[in-house]
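Understanding the architecture of this molecule
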Amino acid sequence: MLMIRHHPIATIGVVDDSQQARQSRGLLLTDAGLEMLDVVGPLRSVKSTRKLLSPSCEALICDHHLNTNANYAHFLGAELVAYSVSKGLPAVLCTRYMVAEVLDIRRYLPMIPSLLSPQELRSPDDLQIALETCIGEMEGDILPERRVWRAQVVIEDVADDGTFIAAFPGWDTGQCIRFRHVDVPESMRDSIRIGFRTYVEANLGEERPERLFVTRWQV
């Protein structure tokens with residue numbers, strides 16, 4: 001059992017459409033002295049899955065794409081992790097960083113304190129650090145790279161696939177970020193064009209573009 005910030009963790013639910021991946025996570029949990037709740041599909045909704053997990057486990061490890069192998073789940077892992085954290089269940093999202101995944105995940109990032117690649121979740125120590133990060137943020141102890149600040153954003157390009165590229169003049173990395181039109185308030189979508197400027201709240205202390213998120217767009 002792990003004791004993290006006075007939170008006892010004995011069993012962790014594992015949500016992944018690959019049975020092999022769930023078994024691999026089970027070996028990691030065994031090495032950490034923990035039990036695994038093997039979550040077998042089909043899973044209909046994030047709410048019903050959250051109810052399935054609690055009170056059977058004290059934390060969650062979840063993949064992002066949950067429907068590549070058979071009819072496992074009808075939602076994205078990022079959505080389940082964000083919902084679980086919002087309801088008080090510590091959760092870790094473990095997935096590969098592909099462009100399509102980043103676009104899917106970004107809208108949920110404000111409620112995903114622990115986002116790892118499979119290479120970053122290989123040992124009990126990796127798991128403990130991820131859970132400490134998540135539980136810490138749930139208790140108000142937010143890492144500097146996840147704190148949000150008011151920032152100006154400038155639209156640099158608009159694509160035909162429902163996405164646009166935005167620059168953050170106050171962001172030290174100088175990198176641009178791709179967003180989807182559905183990520184911004186509906187009342188603002190008609191304004192999305194090259195050169196458009198507005199203000200947002202974003203975690204500009206983060207240097208990795210796949211982890212930058214926006215919590216509020218100024219309409």
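The structure reproduced in this document is the subject of the present report. None of these values were measured; they are calculated from a predicted model. (Residues numbered from 1 in each chain as written. Predicted model: local features only at pLDDT ≥ 70, side-chain atom pairs only at ≥ 80, totals over all residues. Heavy atoms only, no water.)

Next up on the list: the side chain of Arg106. Turning to its location among the elements, Arg106 is positioned in helix α4 (residues 99-106). Nearest to the buried, unbridged Arg106 among oppositely charged side chains is Asp183, at 6.0 Å. A polar atom in the side chain of Arg106 sits 3.0 Å from the backbone oxygen of Pro209. Not counting the four nearest positions on each side in its chain, Arg106 is found in contact with Ile177, Arg178, Phe179, Pro209, Glu210, Leu212 and Phe213. (Helix = DSSP H or I, 4+ residues; strand = E, 2+ residues; numbered from the N terminus. Buried < 20%, exposed > 50% of the residue type's maximum accessible area, 1.4 Å probe, protein only. Lys, Arg positive; Asp, Glu negative; His and termini not counted. Salt bridge = Lys/Arg side-chain N within 4 Å of Asp/Glu carboxyl O. Polar contact = N/O pair within 3.5 Å; in protein donor to acceptor, adjacent residues only side chain to side chain. Contact = heavy atoms within 4.5 Å.)

Right, let's talk about the environment of His64 for a bit. Within the secondary structure, His64 is located in the loop between β5 (59-62) and α3 (77-86). Along the chain, His64 and Glu101 lie 37 residues apart, while their C-alpha atoms are 7.8 Å from each other. With sequence-adjacent residues up to four places away left out, His64 is seen in contact with Leu76, Gly77, Ala78, Leu93, Cys94, Thr95, Glu101, Asp104 and Ile105. One polar contact links the side chain of His64 to the main-chain amide nitrogen of Ala78, over a distance of 3.3 Å.

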